[in-house]
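Inside the fold
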Amino acid sequence: IDNSSAFRMDPDVPLVVPEVNPEDISWHKGIIANPNCSTIIMLMALKPIHDLSHIKDIVVSTYQAVSGAGKEGIDELREETEAYLKGEEMVARILPSKSLPKHYPIAFNVIPHIDKFMENGYSKEEMKMVNETHKIFHDDTIAVAPTTVRVPVFRSHSEAIRVETERELDIEAVRKAIESFPGARVQDDPAEMAYPMPLYTSEKYDVYVGRIRKDLYNPKAINLWVTGDQIRKGAALNALQIAEYMIAHGMV
């Protein structure tokens, strides 16, 4: 079970989120790929909607924690914050990416750049969300328009998602479908100011979904807000769940 990006798009390697496409595990040839953290978090919220009505279009903007860039990203946010509050110069060395020729402070800032840019103007992180969604859902016709952004949060990625389905869906049916989906939890009560936030989803196993509402202009579109710990469900936990599924189904 490989947690890198090396095998994700290999046609001979299954790309698996156990709650979403566990059936793909059966055709592995020795390697199973763990998807990108942002893709996992998004599809945990979208699979129950997809089961109600086929998804045609996804527009997603991510708000990704610095821990997605590793320990150095965490250290950089902490050091820059301390420097700023002391009135000292912030020194950026890591973000958007250590290998790039320019770096920008992340403290009190957002950076719309994760991984390198591709020839089509999208970043590699954005194209991962496109290609991995197609592979996991086995459907290249789904339109995916991602914008991935690094934000000054230590842990847990958040995503604002607009999804259009083939049929118009009742919001309560959507809410119930997400609530009953393993690994997803609805936190959605605007009157009580209840919605997912990365400060409170960090170190949790579930993906939290809130702000579930009809689009103002398209009756077949729904807007939602999703937050999940990208180190747990977005990486380590997902890999562990693949192994547990294989053991439970006699695949090892």
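Residues numbered from 1 in each chain as written. Predicted model: local features only at pLDDT ≥ 70, side-chain atom pairs only at ≥ 80, totals over all residues. Heavy atoms only, no water.

Structurally, the position occupied by N34 is in the segment before α1 (37-52). Classification of N34 as buried rests on a relative accessible area of 0%. For N34, the side chain forms a polar contact with the main-chain oxygen of A235, separated by 2.8 Å. Polar contacts involving the side chain of N34 include one to the side chain of N238, which spans 2.6 Å. Dropping the residues within four chain positions of it, N34 is found in contact with D2, N3, S4, R8, L15, V16, A235, N238, A239 and I242. (Helix = DSSP H or I, 4+ residues; strand = E, 2+ residues; numbered from the N terminus. Buried < 20%, exposed > 50% of the residue type's maximum accessible area, 1.4 Å probe, protein only. Polar contact = N/O pair within 3.5 Å; in protein donor to acceptor, adjacent residues only side chain to side chain. Contact = heavy atoms within 4.5 Å.)

The next point concerns the pattern of salt bridges. On inspection of all chains with the given rule, the structure shows 15 salt bridges. Taking the shortest distance from any N to any O, the salt bridge between D12 and K29 comes out at 3.4 Å. Taken together, the residues D12 in the segment before α1 and K29 in the segment before α1 connect sequence positions 17 residues apart. Owing to a relative accessible area of 65%, K29 belongs among the exposed residues under this scheme. E72 is the salt-bridge partner of K98, the closest N and O atoms lying 3.0 Å from each other. With K98 in the loop between α2 (71-85) and α3 (124-137) and E72 in helix α2, this residue pair connects regions lying 26 residues apart in the sequence. For E72, a relative accessible area of 38% translates into the label partly exposed. (Salt bridge = Lys/Arg side-chain N within 4 Å of Asp/Glu carboxyl O.)

This brings us to the packing of α1 against helix α6 (residues 232-248). Taken N-terminus to C-terminus, the directions of α1 and α6 make an angle of 90°; their axes are 8 Å apart at the nearest point. By the criterion of interaxial angle, the relationship of α1 to α6 is roughly perpendicular. Listed contacts from α6 to C37, I40 and M44 of α1 are K233, G234 and N238. Residues belonging to the contact of α1 with α6 are distributed by class as follows: 3 nonpolar, 2 polar and 1 charged. (Axes fitted to C-alpha atoms, helices over the stretch in contact; angles between N-to-C directions. Parallel < 35°, antiparallel > 145°, perpendicular 65-115°, else oblique. Nonpolar A, V, L, I, M, F, W, Y, C, P; charged D, E, K, R; others polar.)

Another point: the sheet that holds strand β6 (residues 221-228). Spatially, the 6 strands line up as an open sheet ordered β2-β1-β3-β6-β5-β4, and their pairing is mixed. Each end of this open sheet is capped by a strand with a single partner; those strands are β2 (143-150) and β4 (184-186). Going from strand to strand, the sheet's axes swing by 20° on average, the running direction of each strand aside. When strand β5 (residues 207-214) meets β6, the two strands line up antiparallel, connected through 5 bridges. Within β6, the residue paired with K214 across the bridge is I222. Across the sheet, α1 is in contact with β1 (55-64), β3 (157-165), β4, β5 and β6; its angle to β3 comes to roughly 35°. Its contacts with the sheet put α3 on β1, β2 and β3, and the angle it makes with β2 is roughly 145°. (Pairing = 2+ DSSP bridges.)

Close contact between α1 and α3 brings their axes to 10 Å; oriented N to C, the two are set at 40°. It follows that α1 is oblique to α3 by the angle criterion. Crossing angle aside, the handedness with which α1 passes α3 is right-handed. Of α3, the residues touching α1 (which contributes S38, T39, M42, L43, K47 and H50) are E125, K128, M129, E132, T133, I136 and F137. (Left-handed = near helix turned anticlockwise from the far one by under 90°.)

Of the pockets and cavities examined, the largest pocket occupies roughly 460 Å³. Around the largest pocket sit 26 residues that line it, and C37, G68, A69, E125 and R150 are the ones nearest its centre. Only α3 and α6 provide two or more residues apiece to the lining of the largest pocket. Each residue belonging to the lining of the largest pocket can be placed in one class, and the counts come to 8 nonpolar, 11 polar and 7 charged. In this structure, the second largest pocket spans a volume of roughly 150 Å³. S5, R8, M9, M118, K124, M127, K128, N131 and E132 are the residues that line the second largest pocket. Looking at side-chain class alone, the lining of the second largest pocket contains 3 nonpolar, 2 polar and 4 charged residues. (1 Å grid on protein atoms, 1.4 Å probe; cavity = no way out; pocket = protein on both sides within 12 Å on 5 of 7 lines; lining within 4 Å. Points joined across faces, edges and corners; volume = space filled by probe spheres on them.)

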